[in-house]
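Structure at a glance
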Amino acid sequence: MTRRYFLPRPLHPFAWWGYAIALAVTAGATSNPLLLLAIVAVVTLVTIARRGDNPWAKGFKLYLWLGLFVVAFRVAFRVVFGGGDGPTILFTLPEVPLPEFVRGVRLLGPVSLESLLYGLYDGLRLATMIICVGAANSLANPKRLLAALPSALYELGTILVVSFSVFPQLGDSFTRVLRVRRLRRSREARTRRQRLGVVETIIVPVLSDALERSVALAASMEVRGYGRGGVATARERALSSGAGLAGVAVLAVWSYFLLARPGIGPTVLRTNLVELGLLLVGIGLIVLAMRVIGRHVRRTRYRRDRWRVAETLTLVCGLVPAAIVEYVRSYGDPSVLHPSITPLVWPALDPLLLAAVAVAALPAFITPPPALSTAGPALEGLS
Amino acid sequence: MIRFDDVTFRYASNDLFRLDGVGFTIEEGELCLVIGPTGSGKSTLLGCVNNLVPLFTGGVRTGRITVDDRDTTLLPTRELATTVGYVGQDPLAGFVTDTVEEELAYSMEQLGFPEAEMRRRVEETLDLLGIADLRRRPLRSLSGGQQQRVAIGSVLASSPRVLVLDEPTSALDPIAAEEVLALISRLVRDLGTTVLLAEHRMERVIEFADSVLLVHPDATVRHGPVRDVLRDAPIQPPLVELGLGQGWDPLPLTIREGRRLAALQRRRWQDDPPALPAPPAAGETILRAEGVVVEYPGVVAVRGVDLALREGEVTALMGRNGCGKSSLLWALQGAGRTSAGRVTTARRVSLVPQTASDLLYLASVRAECEAGDVAAGAPGGTTEALLRNLVPTIDLDAHPRDLSEGQKIAVVLAVELVGDPEVVLLDEPTRGLDYAAKAVLGDTIARMAAEGRSVVIATHDVEMAARSCSRVVVMAEGEVVSDGPAREVLASSQLLATQVAKVANPLPLLTVEEYERAAR
């Protein structure tokens, strides 16, 4: 039983995205650097243990660098412009005098420890959220994510997949044309006209190549039956895209309300009614759009990812820390989540938050390992 | 299975008929080989089967086409997807997804196959094509032959009744082409699918073909048994040409048949060996490469090649795709990367790259010619005169992209020749050329050699090498594995021997002409 459970397979992409987004939300609710660093460590551990070997999986390192850059940028920003200053002055830089009308903005000058820490905590929180999203991207192949979308979004998925495959091809044409150009005895471009000519000699062949390719691709898709599964009428199309757009807009407003704490409007049972209403209306509109367009789709999916026990466990491992942090925020000691900077207090973790981090690390051990494309000996035939 | 009834086709902007009164019937399970010179309308004819022509190309089509007893006139191409599987020339251009398995399943997803059925068929197709070990590989990382096999598999998976293949091997090297053609002939025998195949390497499939459909340049067709149609076709494999010249009956289609028919002649030659034409004398060395190494990250393309090119010599550079031919040519020209070694020449070296059209970006042939004059500092009209010499019929106002492959090469060559290079390097100039265009190219090469230039052509085309080249250099894994007079290298090799050489073996005769002269 356990043996079967641990057979290598890719997890449902929604599971990884759900897990990662839950952790990102957890990170968003705290500025405790210890907790944030713990989340980064856990996410890195899970990613390294469970990512596949597709090109996206290798992108995680980039997100780590991006996170580091964000932290460094935030801190450097505090050094240059100050803000959130406290009594502990570390060093004083020569201040650049600014004219009267930009009063309130300061360049350089005294740098306080508190100001730097504000920058550090804030940057760390943003970096952790970025790294969580990066982890989701490496753990779940974005293409499998598209494949798991409802069939109404199929067209969108196709567009994305095709454009992804076009980029390397454009790159190929480009390097080929650049290489070939060296054969022509091109003299130094002196006039403006000649410099424009240089652009023309590259862009014209690359674009005509791209055009030929897209026509070939369109023909190939047509030949293989693309678009056979029924076509929606213009009315239905308009209805579904209108409803879809409206739904997305409503959800955007909802997310704004959600982030703008304290919320606006009446609250019942600790739930903001305006927020809840916006959420329900947004989801309803999107579901409506999908129902309308999905009625016509007669298409099937090859090797659809299935939702099994491991997927549920992964999602729970992401949701538990989020719930614990929410609990601590509401009923526990909020100073653990937001350690005080002025006066400066050394941040600490309590056992409950440690447990949350431990739960978040579980997917590295309790999920089946990913199926690697290069693993295993040459396969024997069926017959 | 497929019936054309008085079908005509022309583009709306043009009164010229591409197909004119075409009528034929192809029975179920038949393998029909479609032949004809380039531009004769082979692709148009094949596109008509699943209505890509005129739905995708535009134009006016009249007449009636029935496939599997269904009149296709009003059906869009996608509705025919369950009946007709279509494979084009460049597999990479037609891929929609990015891994092997998903590409195989794509058609079935569109046609709404149930999931279990789809899974089973993908597994079967992987085995049928012998690509089970590639299932998760990205399509772009496959070799050309593997890509084309996947492309064929992706239409086969939904088991269409008819398979239409439009020159499936034209972008492949001979080994990969062999792989694909062997697969097609096996499919015909094992599955009994009706196949319509356009193929210029017809000698490889001719023995499996049940019939030949010859498309004439005047847009009419002739359909009939293989030997009958080939007897007076304008394009014939060398073996058929030889058989006709020697009056052999029945006409040989395979090397085995040819050798049996030539047995008597060979015995005669054993007793009385005929004189063989001597290779033309080459002049002094004008380019010398010593220890050339070309490295790319992770790959060594050329490992220490020494090569000397002489005046008036035509050299064929052969070897499988990726063996370093192009890299060597680029290194010889000087524009490419050279990691070590040295190329010494006092003369100008010109290179015509594989995709000649990349060098053509102006709006008309005339503009290209003028740009060529300006770049070389030659008096106006020089390039044009050179071009007229190569292809007298070229339309100077045409857009370079609209020219045929052969004409594109001619334009690039003319622009290069204005600079009066002593060494001319051609990277796969025969790709996409038909017999007539190859003959023109052969003449051009002979003329350049007669003017004292040294010409190198990288090619897979054995017949071209045998006819035009005096020397053959074979490369493998970045090294030169054999280098010598064309007669010695080509006739002694299993893989590179021409059809005539295989028939005449052990006597090293390469072309039909040589055979006929020796037999006289």
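Residues numbered from 1 in each chain as written. Chains lettered and ligands numbered in written order. Predicted model: local features only at pLDDT ≥ 70, side-chain atom pairs only at ≥ 80, totals over all residues.

Next up on the list: unusual backbone geometry. Residues and elements named next belong to chain B. At the junction of Asp249 and Pro250, the peptide bond is cis and its omega measures out at 0° in the coordinates. Position of Pro250 relative to the elements: it lies in the loop between helix H9 (238–246) and helix H10 (255–261). The omega torsion of the bond from Asn505 to Pro506 falls at 10°, within 30 degrees of zero and hence cis. Tracing the backbone through its elements, the reader meets Pro506 in the loop between helix H19 (499–504) and helix H20 (512–519). With a phi close to 55°, Asp68 is a non-glycine residue in the positive phi region. (Helix = DSSP H or I, 4+ residues; strand = E, 2+ residues; numbered from the N terminus.)

This paragraph deals with the confidence of the model for chain B. Here chain B averages 87 in pLDDT, and 100% of its residues register 70 or above. Within chain B, the element-level pLDDT minimum falls on helix H7 (residues 174–191) of chain B, averaging 82, and the maximum on strand E13 (residues 314–318) of chain B, averaging 94. (pLDDT = per-residue confidence, 0-100.)

As a further point, take the UniProt feature "domain: ABC transporter" (unreviewed entry) in chain B. Residues and elements named next belong to chain B. Per the UniProt record, "domain: ABC transporter" (unreviewed entry) is annotated on residues 2–242 and 287–502. When the span residues 2–242 is considered, its composition is 35% helix and 24% strand, and the gap between its end C-alpha atoms is 33 Å. Secondary structure across residues 287–502 comprises 36% helix and 28% strand; the distance between its end C-alpha atoms is 34 Å. (UniProt positions renumbered as here; feature names shortened; annotations may be inferred.)

This paragraph deals with the nonpolar core. Ranked by size, the top nonpolar core spans 166 residues in total, and within it Val34(B), Leu196(B), Ala465(B), Val472(B) and Leu490(B) carry the most contacts. Element by element, the count of residues in this core is highest for helix H15 (residues 405–417) of chain B, at 8 residues. Among residues more than four places away in sequence, those in contact with Val34(B) are Lys42(B), Leu45(B), Leu46(B), Leu196(B), Leu197(B), Ala198(B), Leu213(B) and Val215(B). Listed in part, the 45 residues of the second largest apolar core include Leu23(A), Ile131(A), Ala135(A) and Val336(A). (Core = buried A, V, L, I, M, F, W, Y, C linked by C-beta atoms within 7 Å. Buried ≥ 20, exposed ≤ 12 C-beta atoms within 10 Å, placed from the backbone. Contact = placed C-beta atoms within 7 Å.)

A few words on the packing of helix H11 (residues 309–331) of chain A against helix H13 (residues 351–361) of chain A. Residues and elements named next belong to chain A. Two elements in contact, H11 and H13, have axes whose closest approach is 8 Å; the angle formed by their N-to-C orientations is 165°. As summarised for this structure, H11 and H13 are arranged roughly antiparallel, according to the angle between their axes. Read as a crossing pair, H11 and H13 show a hand that is left-handed. Between H11, through Cys317, Gly318, Val320, Pro321, Ile324, Val325 and Val328, and H13, the contact on the second element is made entirely by Leu352, Leu353, Ala356, Val357, Val359 and Ala360. Of the residues in the contact of H11 with H13, the class split is 12 nonpolar, 1 polar and no charged. (Axes fitted to C-alpha atoms, helices over the stretch in contact; angles between N-to-C directions. Parallel < 35°, antiparallel > 145°, perpendicular 65-115°, else oblique. Left-handed = near helix turned anticlockwise from the far one by under 90°. Nonpolar A, V, L, I, M, F, W, Y, C, P; charged D, E, K, R; others polar.)

A few words on the UniProt feature "transmembrane region" (unreviewed entry) in chain A. Residues and elements named next belong to chain A. In this structure's numbering, the residues bearing the UniProt feature "transmembrane region" (unreviewed entry) are residues 16–48, 60–81, 238–257, 277–294, 306–324 and 344–366. With 100% helix and 0% strand, the stretch residues 60–81 has end C-alpha atoms that lie 32 Å from each other. In the segment residues 306–324, helix accounts for 84% and strand for 0%; the C-alpha atoms at its two ends are 29 Å apart.

Below, the discussion takes up the confidence of the model for chain A. The predicted coordinates of low-pLDDT regions are not to be read in fine detail. For chain A, per-residue confidence averages 81 on the pLDDT scale, and 86% of positions sit at 70 or higher. When pLDDT is averaged over each element of chain A, helix H3 (residues 33–50) of chain A comes out on top at 94 and strand E3 (residues 267–268) of chain A at the bottom at 68.

The next thing to look at is the sheet that holds strand E17 (residues 454–458) of chain B. All names here are of chain B. Read from one edge of the open sheet, 6 strands run E15-E16-E17-E13-E18-E19, paired in mixed fashion. Two strands lie at the open edges of the sheet, namely strand E15 (349–352) and strand E19 (479–485), each paired on one side alone. Between one strand axis and the next, the sheet turns by 15° as a mean value, whatever way the strands run. Bridge analysis of E15 against strand E16 (residues 423–427) gives 4 bridges, and the strand direction is parallel. For Val349, the partnering residue across the bridge sits in E16 and is Val423. Most of the contacts of helix H16 (residues 435–450) go to E17, to which it runs at about 150°, and overall it touches E13, E16 and E17. (Pairing = 2+ DSSP bridges.)

Let us now look at the interface of chain B and chain A. With 49 residues of chain B at the contact, the number on the chain A side is 43 residues. Secondary-structure elements contributing two or more residues to the side of chain B that touches chain A are helix H3 (91–94), helix H4 (100–111) and helix H5 (115–128) of chain B. Taken together, the residues that form the side of chain B that touches chain A break down as 21 nonpolar, 11 polar and 17 charged.

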